[in-house]
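Structural characterization, general
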Amino acid sequence: RFRADDGRWVGVSARSRVIVYDPKQLDEAEVPDSVFDLTDPKWRGKVGIAPTNASFEAFVTAIRVLRGDEAARQWLAGMKANDVQLFDNNVLVLNAAEDGVIALGLINHYYWYEQVAEEGLAAVPARLKFLPGGDPGALVNVAGVGVMRDSDHADQAQRFVDYLLSPAAQAYFADTTKEYPLLAGVPTAPDLPPLADLHAPDIDLSNLNTLEDTLAMIEQAGLT
């Protein structure tokens, strides 16, 4: 699931897309179950995204793969028309939800978990919702690695890949960066929902390979 069929790359850690929300403005039950609901006028000016972030771009590419280009184009246009708030990165989206500047934001899960680990739950007022039903907003993506075909140091590169997939490195991803380890037998951080329990969409991550088209679509929507 987290490697290329042709062996060109392998995932070393996984991260889930989530909705971060301000619990002072709404309860978890009020948070939409789908990112497509965020174009509803009730959320006008209340949603934050980081459109130039790689994780957001991959997520939009997943919409294109799962629902088609026109659906992605309409969603981006709908978010623009709904006065979506733009931020430079996921941390700023998280901070905006914590400060009540926005009610909802789209981020990767580990930003919140890292902050909680550093500052304690009481110091992080925002909360997360993992989306159900295979929604694109529940995309589980990976940080991946591969060895360049014409590398002058292929043996050393392969040793580095092997290290990233070793128990020690995988435990680092779980314990320190709060990502999901992908090596069997390495436990996730104790407060994360198990990777197997996430309702991620069924998608071949190798198909997230049309980034230039996605970037053009985001730009055409006026979100950059």
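So, here is what we can say about the structure in this document.

Procedures and definitions
Within each chain, residues carry numbers counting from 1 in the order of the written sequence. Local features are withheld for residues below a pLDDT of 70 in this predicted model, meaning they are given only at 70 or higher, and side-chain atom pairs are given and counted only at 80 or more; totals for whole chains, interfaces and linings count all residues. Note that the side-chain values use all heavy atoms of the structure and ignore hydrogens as well as water. Helix and strand assignments come from DSSP, with helices taken as H or I runs of at least 4 residues and strands as E runs of at least 2, each series counted from the N terminus. We compute the radius of gyration over the C-alpha atoms and compare it with the globule rule, which gives 2.2 Å times the number of residues raised to the power 0.38. Per-residue accessibility, obtained with a 1.4 Å probe over protein chains only, is compared with the maximum for each type, and a residue is labelled buried under 20%, exposed over 50%, and partly exposed between these values. Throughout, a residue-residue contact means that at least one pair of heavy atoms, one from each residue, lies within 4.5 Å. Where accessible areas are quoted, they stem from the Shrake-Rupley method and a 1.4 Å probe; at the residue level, only the protein chains shown are allowed to cover. We score Asp and Glu as negative and Lys and Arg as positive, and we do not count His or the chain ends. Working definition for charges: the position is that of NZ of Lys, CZ of Arg, CG of Asp or CD of Glu. Stacked, tilted and edge-to-face are the three classes applied to pairs of Phe, Tyr and Trp rings, where Trp contributes its six-membered ring and a pair requires centres within 6.5 Å; stacked means planes under 30 degrees apart, edge-to-face means over 60, and tilted covers the rest. Angles here are taken between N-to-C directions and fall from 0 to 180 degrees, while the axes themselves are lines fitted to C-alpha atoms, restricted in helices to the stretch in contact. Should an angle fall under 35 degrees it is called roughly parallel, over 145 degrees roughly antiparallel, and 65 to 115 degrees roughly perpendicular, with every other angle called oblique. Each residue is assigned to one of three groups, with Ala, Val, Leu, Ile, Met, Phe, Trp, Tyr, Cys and Pro labelled nonpolar, Asp, Glu, Lys and Arg labelled charged, and all others, Gly among them, labelled polar. Between Lys or Arg on one side and Asp or Glu on the other, a salt bridge is scored when a side-chain nitrogen of the former is within 4 Å of a carboxyl oxygen of the latter. Distance and chemistry together define a polar contact, namely a pair of N or O atoms within 3.5 Å, with one atom able to donate a hydrogen and the other to accept it when in protein, and with adjacent residues in sequence counting only for side-chain atoms on both sides.

Side note on the overall build of the protein
Regarding its fold elements, the protein presents seven helices and seven strands. Starting at the N terminus and walking to the C terminus, you meet the elements of the protein as β-β-α-α-β-α-β-α-β-β-α-α-β-α. Relative to the compact-globule value of 17 Å for 224 residues, the protein shows a C-alpha radius of gyration of 18 Å, a close match. Considering only C-alpha atoms, the protein reaches an extent of 55 × 40 × 30 Å along its principal axes. Expressed as a percentage of the 224 residues in the protein, the buried residues total 48%. Taking as baseline every contact in the protein between residues at least 6 positions apart, the subset at least 24 positions apart corresponds to 75%. When the accessible area of the protein is evaluated, it comes to approximately 11,100 Å², of which 49% is carbon and sulfur surface. Charged side chains of the protein number 18 positive and 33 negative; the gap between the two group centres comes to 2 Å.

Section: the packing of aromatic side chains
One pass over the full model with this rule turns up six aromatic pairs. Pairing phenylalanine 56 with tryptophan 75 gives two aromatic rings, centres 6.3 Å apart and planes at 35°, and the pair type is tilted. With phenylalanine 56 in helix H1 (residues 54–67) and tryptophan 75 in helix H2 (residues 69–81), this residue pair connects regions lying 19 residues apart in the sequence. Take phenylalanine 56 and tryptophan 75: they sit in the same class, and that class is buried. Summarising the aromatic geometry, the rings of tyrosine 172 and phenylalanine 173 are spaced 5.9 Å apart at their centres and angled 65° between planes, so their arrangement reads as edge-to-face. Tyrosine 172 gets classed as partly exposed once you look at its relative accessible area, which sits at 45%. Through a chain of ring-to-ring contacts, three or more aromatic side chains come together here, namely Phe56, Phe59 and Trp75.

Describing the packing of H1 against H2
Running from N to C, H1 and H2 point in directions that differ by 135°, and their axes come no closer than 6 Å. Classed by the angle they form, the pair H1 and H2 counts as oblique. In this structure, H1 contributes Phe56, Phe59, Val60, Ile63, Arg64 and Arg67 to the contact, and H2 contributes Asp69, Ala71, Ala72, Trp75 and Leu76. Here the contact of H1 with H2 is composed, by residue class, of eight nonpolar, no polar and three charged.

Some thoughts on the pattern of salt bridges
Note on pairing: side chains with opposite charge can pair once their charged atoms come close. Considering all chains together, one arrives at six salt bridges under this definition. The salt bridge involving glutamate 179 is made with arginine 15; its shortest N-O contact spans 2.4 Å. Remark: arginine 15 occurs in strand S1 (residues 10–21) and glutamate 179 occurs in the loop between helix H6 (167–175) and strand S7 (180–181); sequence separation between them is 164 residues. For arginine 15, a relative accessible area of 15% corresponds to the buried category. Residue glutamate 70 pairs with arginine 73 through a salt bridge whose shortest N-O separation is 3.0 Å. Placement of the pair is glutamate 70 and arginine 73 together in helix H2, with a separation of three residues, close to one helical turn. Because the salt bridges share partners, they merge into one network encompassing Arg64, Asp69 and Asp213.

Notes on the side chain of asparagine 82
Turning to its location among the elements, asparagine 82 is positioned in the loop between H2 and strand S3 (85–86). With sequence-adjacent residues up to four places away left out, asparagine 82 is seen in contact with Leu38, Thr39, Asp40, Pro41, Trp43, Arg44 and Gly45.

Focus: helix H3 (residues 90–98)
Within H3, the full set of buried residues consists of Asn90, Val93, Leu94, Ala96, Ala97 and Glu98. Elements in contact with the buried residues of H3: S1, strand S2 (47–49), H1, strand S4 (104–108) and helix H4 (109–119). The opening residue of H3, the one whose side-chain oxygen lies 3.1 Å from the backbone nitrogen of valine 91, is asparagine 89. Backbone geometry just after H3 places glycine 100 at a positive phi near 80°.

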